[in-house]
Amino acid sequence: MLTALEEGVKGGKWFSLIDKVYSKRTLRAAFTKVKANKGAPGVDRTTIGMFEVELEKNLEHLRQQLREGSYRPQAIRRKYIPKVGKRREQRPLGIPTVRDRVVQTALRSVLEPIFEKEFAANSFGFRPQKGCKDALKQVQDLLHEGYSFVVDADLQNFFDTISHKRLIVEVRQRIADNRILKLIELFLKQEVMYGVERWTPETGSPQGAVISPLLSNIYLNELDHLMAEHGFKMVRYADDLVILCKTAEEAKRAFELLGRWVNNAALGLHPTKTRIVDVSRGGFDFLGYHFIYHLRLVSDKSINRIKEKLRDKTRRSRGDSIDTIIKDVNKSLKGWFEYFKHSRPSSFRSIDGWLRVRLRSILRKQNKLRSGGWAGENNIRWPNSFFAERGLFFLVDARAAASQSALR
């Protein structure tokens with residue numbers, strides 16, 4: 001297969017791939033990845049640990065089913081999680097069973113190298129050796145080069161509205177193995193289970209399914225190449241995309257071209273979130289950052305996200321010691337900072353101060369002091385140095401250290 005990838009295959013299509021999916025070696029490697037990604041059990045309540053107890057037996061059973069064509073995926077467990085900053089609004093997630101995640105991972109490992117050769121350079125989401133930081137750098141570089149008019153696009157409910165028929169047509173451009181195509185269709189038509197409700201989706205690819213990111217890239221690959229052919233600088237990470245232009249007229253043409261393609265692809269643009277932005281007058285959000293002119297700030301949504309996580313960990317009713325709480329808080333702060341450390345320092349200062357206020361409120365309760373109190377009294381009783389001595393991760397200090405390190 002590696003040789004064929006280098007030299008090409010006859011007619012550009014792959015006719016025999018299913019044996020590579022059900023190879024014991026492929027399935028074993030797939031389970032290793034599923035285990036590393038952790039994740040909750042599906043509708044059968046089988047955990048990764050339970051599946052691993054009889055790993056060889058389970059993998060052999062999957063191999064036989066895939067080889068005979070009798071494999072059928074189980075229902076997906078639907079779960080709703082609150083949207084960031086909108087606790088009354090919820091986002092759906094699909095949780096396949098462990099066995100189905102193993103098969104999807106095996107399928108993805110076989111298909112991904114084939115389609116990687118087709119994907120455009122401006123696509124950064126869920127691809128080998130590419131990621132958010134690469135997409136963000138591309139946006140930053142284009143802004144510095146004078147691309148100051150941005151089509152800030154929102155593909156409305158993208159993962160729920162993918163046309164199954166159109167997606168299979170795109171996959172058929174490279175895959176002629178009918179058993180592989182059937183397997184993809186089985187995953188697209190997987191029954192969804194939420195409580196006692198069960199239904200079969202007519203469109204979409206469930207968020208949470210291992211194969212969905214690859215399928216989304218296949219679906220949007222035509223758009224990537226279309227924009228490039230027309231000379232537009234589009235940067236895309238999964239269904240998040242921006243098109244950077246040098247003039248308002250160019251941005252308008254890009255907007256119109258995007259709208260026509262989206263309509264033909266049976267998708268939709270969010271009517272209020274999709275707009276043209278002049279970055280000298282306003283900003284736009286992309287992958288957690290807020291860009292305005294050539295500045296890169298932490299977006300309000302990202303600040304709300306970390307505050308929600310920290311708010312949960314710093315409830316006044318929490319009975320742990322302050323040292324335990326600080327250790328727990330640090331885990332969230334360090335991971336968040338690693339992603340946003342290239343932002344301007346102002347956001348870090350406000351989060352640091354907000355967090356110390358919450359920690360001081362916990363200390364007042366633990367010391368049986370009247371709630372509230374004069375803010376200055378709290379600062380005197382528990383100054384910043386008190387938290388520093390206990391190892392609290394200060395975002396401002398970490399940002400300053402990162403800047404000094406970059407100058408060396």
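To be clear, the structure that these remarks concern was listed above.
Keep in mind the model is a prediction, meaning the values are calculated, not measured.

Draft legend 1. Structural detail: the layout of surface pockets. What the second largest pocket holds in volume is close to 530 Å³. Lining the second largest pocket are 20 residues, with Asn37, Arg101, Gly208, Ala209 and Val210 sitting closest to its centre. Elements represented by at least two residues in the lining of the second largest pocket include exactly helix H3 (24-37), strand E2 (86-95) and helix H6 (98-116). The greatest single-element share of the lining of the second largest pocket, amounting to 5 residues, is contributed by H6. In the lining of the second largest pocket, the residues fall into 8 nonpolar, 6 polar and 6 charged.

Draft legend 2. Layout of the packing of aromatic side chains. Counted according to the given criterion, the structure contains 16 aromatic pairs. Arranged with centres 5.7 Å apart and planes meeting at 25°, the rings of phenylalanine 31 and phenylalanine 51 form a pair that is stacked. Linking phenylalanine 31 in helix H3 with phenylalanine 51 in helix H4 (residues 48-53), this pair joins segments that are 20 residues apart in sequence. Just as phenylalanine 31 is buried, phenylalanine 51 falls in that class too. Ring centres 6.0 Å apart and planes at 85° place the aromatic pair tryptophan 336 and phenylalanine 348 in the edge-to-face group. Of this pair, tryptophan 336 sits in helix H14 (residues 322-340) while phenylalanine 348 sits in helix H15 (residues 346-366), and the two are 12 residues apart along the sequence. Given the relative accessible area of 9%, tryptophan 336 is considered buried. Aromatic ring contacts, followed pair by pair, group Phe284, Tyr289, Phe291, Trp336, Phe337, Tyr339, Phe340, Phe348 and Phe393 into a single cluster. Against the face of phenylalanine 124 rests lysine 130, its NZ or CZ located 4.9 Å from the ring centre. For the cation-ring pair, arginine 296 lies above tyrosine 289, with the distance from its terminal atom to the ring centre recorded as 4.4 Å.

Draft legend 3. A look at a positive patch on the surface. On the surface, a cluster of positive charge is made up of Arg91, Lys273, Lys301, Arg305 and Lys309. Among the elements that line the positive patch, the one with the most residues is helix H13 (residues 300-313), at 3 residues. Mapped onto the elements, lysine 301 comes out in helix H13. Judged by relative accessible area, lysine 301 falls into the partly exposed class, the value being 48%.

Draft legend 4. Structural detail: empty space enclosed by the protein. Inspection of every chain in the model, using the stated rule, returns 1 cavity of 30 Å³ or more. Considered as a void within the structure, the largest cavity measures approximately 40 Å³ in volume. Considering each element in turn, the lining of the largest cavity owes the most residues, 3 residues, to E2. Classifying every residue of the lining of the largest cavity gives 3 nonpolar, 2 polar and 2 charged.

Draft legend 5. Local environment of H13. Under the 1.5 Å per step criterion, the end-to-end length of H13 is 20 Å for 14 residues, consistent within 8% with the ideal 20 Å. All of the buried residues along H13 are Ser302, Ile303, Ile306, Glu308, Leu310 and Lys313.

Draft legend 6. Geometry of the pairing of strand E6 (residues 233-237). For E6, a buried count of 4 out of 5 residues is recorded, marking the element as mostly surrounded by other parts of the structure. As paired strands, E6 and strand E7 (residues 240-245) are joined by 5 bridges and run antiparallel to one another. Residue pairing across strands places methionine 234 opposite isoleucine 243, the latter belonging to E7. Hairpin connection between E6 and E7: a loop of 2 residues separates the two successive antiparallel strands, and alanine 238 in this loop has a positive phi of roughly 55°.

Draft legend 7. Quick look at the packing of helix H11 (residues 212-229) against helix H12 (residues 248-264). Interaxial distance between H11 and H12 falls to 11 Å at its minimum, and their mutual angle equals 150°. One finds that H11 runs roughly antiparallel with respect to H12. Handedness of the H11/H12 crossing: right-handed. From H11, Tyr219, Leu220, Glu222, Leu223, Leu226 and Met227 reach across to H12, where they touch Ala254, Leu257, Leu258 and Trp261.

Draft legend 8. Structural context of the environment of alanine 401. Tracing the sequence through the fold places alanine 401 in helix H18 (residues 395-407). Here alanine 401 falls in the partly exposed class, since its relative accessible area comes to 47%. A C-alpha to C-alpha distance of 45 Å links alanine 401 and leucine 257, two positions 144 residues apart in sequence.

Draft legend 9. Spatial organisation of the sheet that holds strand E3 (residues 149-154). Spatial ordering of the open sheet is given by E6-E7-E3-E8, a layout of 4 strands whose pairing is antiparallel. Of all the strands in the sheet, the pair left with one neighbour each is E6 and strand E8 (275-278). Each neighbouring strand pair of the sheet contributes to a mean axis angle of 20°, computed without reference to strand direction. Its contacts with the sheet place helix H7 (residues 132-144) against E3, E6 and E7, and it is angled at close to 160° to E6. Packing of H11 onto the sheet brings it into contact with E6 and E7, and relative to E6 it is tilted by some 165°.

Draft legend 10. Highlighting the environment of arginine 63. Looking at where arginine 63 falls in the secondary structure, it is placed in helix H5 (residues 55-68). A residue is classified by how much of its surface remains accessible, and arginine 63, at 18% relative accessible area, is buried. Between the alpha carbons of arginine 63 and tyrosine 22 there is a distance of 4.9 Å; along the sequence they are 41 residues apart. Every residue in contact with arginine 63, bar those within four places of it in the chain, is listed here: Tyr22, Lys24 and Leu27.

Rules used in this analysis
- Residues numbered from 1 in each chain as written.
- Predicted model: local features only at pLDDT ≥ 70, side-chain atom pairs only at ≥ 80, totals over all residues.
- Heavy atoms only, no water.
- 1 Å grid on protein atoms, 1.4 Å probe; cavity = no way out; pocket = protein on both sides within 12 Å on 5 of 7 lines; lining within 4 Å.
- Points joined across faces, edges and corners; volume = space filled by probe spheres on them.
- Helix = DSSP H or I, 4+ residues; strand = E, 2+ residues; numbered from the N terminus.
- Nonpolar A, V, L, I, M, F, W, Y, C, P; charged D, E, K, R; others polar.
- Phe/Tyr/Trp six-rings, centres within 6.5 Å; stacked < 30°, edge-to-face > 60°.
- Buried < 20%, exposed > 50% of the residue type's maximum accessible area, 1.4 Å probe, protein only.
- Lys NZ or Arg CZ within 6 Å of the ring centre and 35° of its normal.
- Patch = residues over 30% accessible without salt bridge, like charges linked within 9 Å, V, L, I, M, F, W, Y side chains within 5 Å.
- Areas by Shrake-Rupley, 256 points an atom, 1.4 Å probe, with all protein chains shown as cover.
- Salt bridge = Lys/Arg side-chain N within 4 Å of Asp/Glu carboxyl O.
- Lys, Arg positive; Asp, Glu negative; His and termini not counted.
- Charge placed at Lys NZ, Arg CZ, Asp CG, Glu CD.
- Expected span 1.5 Å × (residues − 1).
- Pairing = 2+ DSSP bridges.
- Axes fitted to C-alpha atoms, helices over the stretch in contact; angles between N-to-C directions.
- Parallel < 35°, antiparallel > 145°, perpendicular 65-115°, else oblique.
- Left-handed = near helix turned anticlockwise from the far one by under 90°.
- Contact = heavy atoms within 4.5 Å.

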